[in-house]
Amino acid sequence: MEPLTMTRSARRKFLIITCAPLLAVGLAVGVPPTATAASVDSCSLRTVDDQEIGRTVGAPDAGADATSTQARLQLVGDSCRFTARNRAEAAKRDPVDLSAQPITVNGMGPLRIGMSRQAAERAVGARIPDGPGGPECRDLSVEGGPQNLLLRFSNDDDRLVAISVLSSTPASLATASGVHVGSTREDVLATYDSEVTSRQVEGGPEELVFAPRSAKFQGRIITFLMNDDGTVASFIAGEPSFADPLPCGSD
């Protein structure tokens, strides 16, 4: 049990080191949607305003993004009902191997910061089960791994807002510039040069923050949490308000 007399900085380090790795385990098991009795090919396809647009349902491309405000489609007919098919379609695809995909401020392989969780599942061809979190976000695992890779989704709109790599992770999970868990402080500084700054929260562990200046990166950052021996303990990339090494709901 955490001592009651811990300072805020000690508590922060305690939570990062002991709690974050536990979140890499899948915390939820979902049930995929079942098929309806009637074939979708026998149904008319209409939009929510009842304007018929066709009879064929096409799954979005695996790399496509979809916002939470995308127009809903409704299947109508004698015995047809609308069924969410995103997770079922994801289960039919070959999963993307994320273990060697480079991580940038904009995402990781087919995963892009800002995409919805449904779009992320389609992109990687695997489910991302829901799980507990804090008031603003949840740290979720991709079903099937890799371990110690967490995707952070906002609670408000279920968007991907950050990607984190925890301790005890193979070097293949690295930034596009090759920085990984175990890299040295000198490696980080030499790699990102003038675009990296150092900060400490109330005397806690050092954090090196890479903040590219180009407008195309939209202010996104990578935060490297440092060990006392000057090596990278973990890192998280994404939107600045979410790219904090602490697990969601820990502070």
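One can find the structure itself at the top, above this paragraph.
The shown structure was predicted, so the numbers you read here are calculated from the model rather than taken from an experiment. (Residues numbered from 1 in each chain as written. Predicted model: local features only at pLDDT ≥ 70, side-chain atom pairs only at ≥ 80, totals over all residues. Heavy atoms only, no water.)

### Side note on the overall build of the protein chain
For the record, the criterion: Only runs of H or I of at least four residues qualify as helices and only runs of E of at least two qualify as strands under DSSP, and these elements are numbered from the N terminus. Think of it in three bands: with a 1.4 Å probe and only protein chains considered, a residue is buried below 20% of the maximum accessible area for its type, exposed above 50%, and partly exposed in between. Should any heavy atoms of two residues lie within 4.5 Å, those residues are considered in contact. Computed with the Shrake-Rupley method and a 1.4 Å probe, the accessible areas treat only the protein chains shown as cover for residues.
A count of helices and strands for the protein chain gives four helices and 13 strands. Taking all 251 residues of the protein chain together, the buried fraction comes to 41%. Sequence separation of 24 or more characterises 53% of the internal contacts of the protein chain that already satisfy a separation of 6 or more. As displayed, the protein chain has an accessible area near 13,000 Å², and 51% of this comes from carbon and sulfur atoms.

### Considering the state of the cysteines
Rules: Defined by distance alone, a disulfide is two cysteine sulfur atoms within 2.5 Å.
Within this structure, the stated rule accounts for one disulfide. Covalently, C137 is tied to C248 through a disulfide, its sulfur atoms 2.0 Å apart. In this structure, the disulfide formed by C137 and C248 twists by about -115° around the S-S bond and is classed as left-handed. Of this pair, C137 sits in strand 7 (residues 137-140) while C248 is found in the segment after strand 13 (232-238), placing the two residues 111 residues apart along the sequence. Using a relative accessible area of 10% as the deciding quantity, one classes C248 as buried.

### Remarks on the pairing of strand 12 (residues 221-226)
Put simply, the rule is: Two strands qualify as a pair provided DSSP detects at least 2 bridges between them.
With six of six residues buried, strand 12 is to be regarded as a mostly interior element. Relative to strand 13, strand 12 runs antiparallel, the two being bridged by six bridges. The residue bridging I221 from the neighbouring strand is G238, located in strand 13. Where strand 12 hands over to strand 13, the hairpin turn is made up of five residues, of which G230 adopts a positive phi near 85°.

Take it as geometry only, folks, not as evidence of what the structure does.
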